[in-house]
Structures are given as structure tokens and as C-alpha cells.
Amino acid sequence: MEFSAQQIADMVQGRVEGNPDTLIHTFSKIEQGEEGSISFISNPKYAHYIYETKASVVLVNEDFEVDCPICPTLIRVKNAYETVAQLLQLYESMKPKKSGIDSLAFVSDTATVGEGCYIGAFAYIGEGATIGKGTLIYPNAYIGDEVTLGDGCIVYPHAVVYHGCKLGNRVIMHSGSVVGADGFGFAPGADGYDKIPQIGIVTIEDDVEIGANTCIDRSTMGSTIVHRGVKLDNLVQLAHNTEVGEHTVMSSQVGVAGSTKIGSWCMFGGQVGISGHITIGDKVWFGAQSGVPSSVKSDQKLIGTPPMEQVPYFKSQAMFRRLPDMYKRLCALEKELELLKKQER
């Protein structure tokens, strides 16, 4: 499909600067722009590409300044990054969606499948499962017994939902993700470790996205809970009985130990490790590779192990690099002090 710059501007309440009849049919990164594409600039580091890009239309913030003549037509908006996200969502929604149950899929006679669903070849829908309207289940996905999936969910190939787990509306599970595997519960005994049965479930609320190969373990009792709007990157681990608050986001390789409560609107960088049985408040930001051994109050930006505020952390890191030199100087001062003591005697 093709759209003019003016049509795009009307969709996003933007203002055209240049030729409103310029046509676009695809998206591109600003540094790889091509004719007929729309791109965007939100980070000032990429601003210089505006003078050499071949993209036909570029979304920019209202206050973006152009220093010399450019070729592309501009669409000025309040927030270019948010606007391109809206356009990409619109583009995605226009793609034709699959529907129907493939003859090679297995759907239990006791399962309930809503209208407009797609179930691909070799997908498995267990006994008593409930699949909401318009949900897409791709080939080789596994939906266990008594699982509930809401409306408009997407379950990509090789994703797995174990028995009894409950997923809300518009949940996205990427390939290889697992919801409801046993929590890591073992009791040490004389002859080894005795497995503690994990008889709980996992509850995923609306609009949660679960990255590829991410695992959310079922609880020992009760439920592991991921509240609405949470976004989990690839390779994230949520252990049994954890609870993650609304709209919290976690980057790749974050690990959360068991029975930890995490607040709303938190942001965890890559490889953050959270100890078990602690509480993280709302709007807490952890920088990459932070190790969190104890509870943290709300509204903090922390980094390091144990985590500290950003400015003291970076000052400490600068000091750390100077330790070898400081150690040499300390040893020299100690020798000098010893010589002075001997001279006094």
C-alpha cells in the first residue's frame, strides 16, 4: 500500500514540510533510507543523516532544526519515536491474518476455541483449554490442559503453556518461551534433593509480551503473577511465586529469584539479578548487570552490585581504575615513613 506524506501527517497529527504528495510504501532506518520509504530521527546522534539519506519522508520532532537544504519531505510531530511506533503498529495491523484450524493440528474435543482463531500444523490444544477470539497459535506450539488464553493473543512456534495457567487478552509469546514450568523447588535430604511439587499456576494479565526463550515458572502454591502491560525481553527468567507490577520492562538475561515482589513501571537493564524474597518498589531503574541482594524503595535509579545511585557509582568506578597507582604510592609512602622513623631513632 502507498500513502502520501499528507495522509501520514493527518494520521499522526503532524505538519508537512516539503512536498505533501510524496509517496511512501515502506519503512527504513535513516542511515539506510531508500526512495519510497519513511524514516525518523529522535536521537540527535543520527541528525547528520538527514542531509544524506535517500528516504522520501522523515519524521522529526517539532523543534528539529535543519542547517542546510535537504531532499526528503519532513513531517514534524511532537515525538518522532512515539509516532513511528504508532505507524508501525498500524502497518502491522494491515497485514492479512491467518485463520482456521489446520488439519494437522490437534485440538481436544473438550477444548473451546473462539471465533476467528488460527491454529497451525502440529500445534497441540489440551483438554479443557479455552482459546479466546482472534487468537493465533502457530505451528508446533503447545497449550496444555485447562489453560486459558484470552482474546487476540499470539503464540509463536515452539512456545509452551503448561497446564492450568491463565493468560489474558493480547498476550504475545515468542518462540521458545515457556509459561508454567516447575519452579526450582528442592529440599535437601540425606541422599540428595527431594523435589517439592509445584502445584500452583502462572497468571499473565492483558497486554503482556514475553520474549523468545523466556521462562516464567509456576508457583509452589497460589500463582506467579505478571500484571498487565509488562514487557519481557528474550532470555528472561522469572522464578516461582514472583509478582511483577504493571508496565514493568526487563531487558535480556534478567533473572528474578523466587517470591520477589516487583512494583509498577520499573526498568531493568540487561543481566540484572534480583535476589529472592525481597520487594522492589515502583518506578525503580536498575542499570545493566546490577546485582540486587535486598529490598529497594520506590523512585530510585541504581546501578552496580550492590546497587547505588548513578553518580556515586560512576565516581567509584573512576576511583577503582586508579587503585593500582594509588597502591604503588601508598607503598612508597610507607617505605618513606619507615625511613623517617629510623632516622629519628
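This report concerns the structure included in the present document.

Definitions and cut-offs
Residues numbered from 1 in each chain as written. Predicted model: local features only at pLDDT ≥ 70, side-chain atom pairs only at ≥ 80, totals over all residues. Heavy atoms only, no water. Helix = DSSP H or I, 4+ residues; strand = E, 2+ residues; numbered from the N terminus. Rg over C-alpha atoms; globule rule 2.2 N^0.38 Å. Buried < 20%, exposed > 50% of the residue type's maximum accessible area, 1.4 Å probe, protein only. Contact = heavy atoms within 4.5 Å. Lys, Arg positive; Asp, Glu negative; His and termini not counted. Charge placed at Lys NZ, Arg CZ, Asp CG, Glu CD. Patch = residues over 30% accessible without salt bridge, like charges linked within 9 Å, V, L, I, M, F, W, Y side chains within 5 Å. Areas by Shrake-Rupley, 256 points an atom, 1.4 Å probe, with all protein chains shown as cover. Salt bridge = Lys/Arg side-chain N within 4 Å of Asp/Glu carboxyl O. Disulfide = S-S within 2.5 Å. Expected span 1.5 Å × (residues − 1). Arc of directions from axis to C-beta. Pairing = 2+ DSSP bridges. Phe/Tyr/Trp six-rings, centres within 6.5 Å; stacked < 30°, edge-to-face > 60°.

1. What about the overall build of the protein?
In terms of regular secondary structure, the protein is built from four helices and 40 strands. For the protein, whose C-alpha radius of gyration is 27 Å, the value lies well above the compact-globule estimate of 20 Å for 345 residues. Projecting the C-alpha coordinates of the protein onto the three principal axes gives extents of approximately 95 × 75 × 30 Å. Counting across all 345 residues of the protein, residues that qualify as buried make up 39%. When contacts within the protein are restricted to residue pairs at least 6 apart in sequence, those whose partners lie at least 24 apart make up 16%. Of the charged side chains in the protein, 29 are positive and 40 negative; the average position of the first set lies 10 Å away from that of the second.

2. Things to note about a nonpolar patch on the surface
Together, Met 1, Met 11, Leu 90 and Met 94 make up an exposed nonpolar region whose accessible area comes to about 380 Å². Structurally, the position occupied by Met 11 is in helix H1 (residues 5–12).

3. Remarks on the environment of Lys 195
Position of Lys 195 among the secondary structure elements: in strand S23 (residues 192–195). For Lys 195, a relative accessible area of 45% gives the class partly exposed. C-alpha separation for the pair Lys 195 and Gly 185, spaced 10 residues apart in sequence, amounts to 6.3 Å. With near-sequence residues (within four places) excluded, Lys 195 lies in contact with Asp 182, Gly 185 and Phe 186.

4. As for the state of the cysteines
A full pass over the atoms with the stated rule returns zero disulfides. Considering cysteine sulfurs only, Cys 153 is the nearest to Cys 117, which forms no disulfide, with 9.2 Å between them.

5. Let's talk about helix H2 (residues 80–94)
Spanning 15 residues, H2 covers 21 Å between terminal C-alpha atoms, matching the ideal 21 Å at 1.5 Å per step. Every buried residue of H2 is accounted for by Ala 80, Thr 83, Val 84 and Leu 87. Within H2, the buried residues cover an arc of 95° as seen down the axis, which keeps them to one side. Relative to its buried face, H2 has exposed residues pointing more than 90 degrees away, namely Tyr 81 and Gln 89. Looking at the packing, one finds that the buried side of H2 touches H1, strand S4 (26–27), strand S5 (37–40), strand S6 (57–61) and strand S7 (73–77).

6. Focus: the sheet that holds strand S29 (residues 237–238)
Strand pairing in a sheet relies on backbone hydrogen bonds. The paired strands run either parallel or antiparallel. Taking strand neighbours across the sheet as the criterion, the 10 strands line up as S9-S12-S15-S18-S21-S26-S29-S32-S35-S38 in an open arrangement whose pairing is parallel. Looking at strand neighbours, the two that pair on one side only are strand S9 (106–107) and strand S38 (291–292), the edges of this open sheet. Inspection of the sheet shows strand S35 (residues 273–274) paired to S38 by two bridges, in the parallel sense. Following the sheet pairing, Gly 273 is matched in S38 by Gly 291.

7. Here we look at the packing of aromatic side chains
What the rule picks out here adds up to 10 aromatic pairs. When the ring of Phe 184 is compared with that of Phe 186, the centres are 5.2 Å apart and the planes differ by 70°; the resulting orientation is edge-to-face. Relative accessible area serves as the criterion here: at 73%, Phe 184 is assigned to the exposed category.

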